[in-house]
Amino acid sequence: MKVAVYPGTFDPITLGHLDIIRRGAHLVDKLVIGVTTNPAKEPMFTVDERLAMVHREVAGMPGQIDVVAFDSLLMDFAESQGATAILRGLRAVADFEYEFQMAGMNQKLNDSIETVFLMADVSLQPIASKLVKEIARFGGSIDKFVTPAVAEDVRRHLRGGSR
Ligand code: ADP
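Residues numbered from 1 in each chain as written. Predicted model: local features only at pLDDT ≥ 70, side-chain atom pairs only at ≥ 80, totals over all residues. Heavy atoms only, no water.

A.B. asks: What am I meant to see in the site of the ligand here?
C.D. replies: Lining the immediate environment of the ligand, one finds 18 residues, of which Y6, T9, K41, G89 and I127 sit closest. One of the side-chain N or O atoms of Y6 is found 2.6 Å from an oxygen atom in the ligand. Between F10 and the ligand, the recorded distance is 3.0 Å, taken from a backbone N or O atom to an oxygen atom. Its free accessible area being 540 Å², the ligand has 92% of it covered by the protein chains. Elements that contribute at least two residues to the shell around the ligand include exactly β1 (3–8), α1 (15–27), β4 (85–90) and α4 (93–109). (Near = heavy atom within 4 Å. Polar contact = N/O pair within 3.5 Å; in protein donor to acceptor, adjacent residues only side chain to side chain. Areas by Shrake-Rupley, 256 points an atom, 1.4 Å probe, with all protein chains shown as cover. Helix = DSSP H or I, 4+ residues; strand = E, 2+ residues; numbered from the N terminus.)

Quick look at the structure:
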């Protein structure tokens, strides 16, 4: 059984992430979405909130898709999931340098797990969680970048309400 891990912060999950998940799930028998705690990024949503959001958004998608939180080294997490590949999305050239370095170092840590890059649909490539949050904070509409349920989660969070 071919298993791949798609790691990320998903703070919040966007239409870009969902497109990569849809494409990735076609390629493997099981796709494990790894939701990292990553406190360095000071996420808007807690890891439990992000897990719940990702679960809800991938429900009903074709293919076997698991959603798992992790706070360990990515390669250790991938190995524990029985994965032979790490899936990453590439947006613009700006992503390349960071991803190139990560993939290179991960290869040194575990040469039996390949990093595979996928491109989202061209129309979804500019979408980034960070900008979605910035737009929402300034009162702009994020409806073109996330699903209606996620847009509502972000708005509720900014209003200070509990989920
Ligand atoms: P990280 O904290 O690891 O950057 P993100 O949640 O920001 O996590 O992104 C997870 C992965 O999804 C990364 O590989 C990122 O490049 C990719 N990604 C995010 N948004 C898009 C998009 N719009 N198109 C393609 N890939 C994307």
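Now that the structure has been shown, we can carry on.
A.B. asks: Would you take a moment to explain the pattern of salt bridges for this structure?
C.D. replies: Opposite charge on two side chains makes pairing possible when the charged atoms of those side chains draw close. Applying the stated criterion across every chain yields a total of 12 salt bridges. The residue R56 makes a salt bridge to E57 at a minimum N-O spacing of 3.0 Å. Residue R56 is classed as partly exposed on the basis of its relative accessible area, which comes to 35%. In this structure, the salt-bridge partner of D153 is R56, at a minimum N-O distance of 2.8 Å. Of the two residues, D153 is situated in helix α6 (residues 148–159) and R56 in helix α2 (residues 47–58); the sequence distance between them amounts to 97 residues. One network of salt bridges, in which partners are shared, links R56, E57, D153 and R156. (Salt bridge = Lys/Arg side-chain N within 4 Å of Asp/Glu carboxyl O. Buried < 20%, exposed > 50% of the residue type's maximum accessible area, 1.4 Å probe, protein only.)

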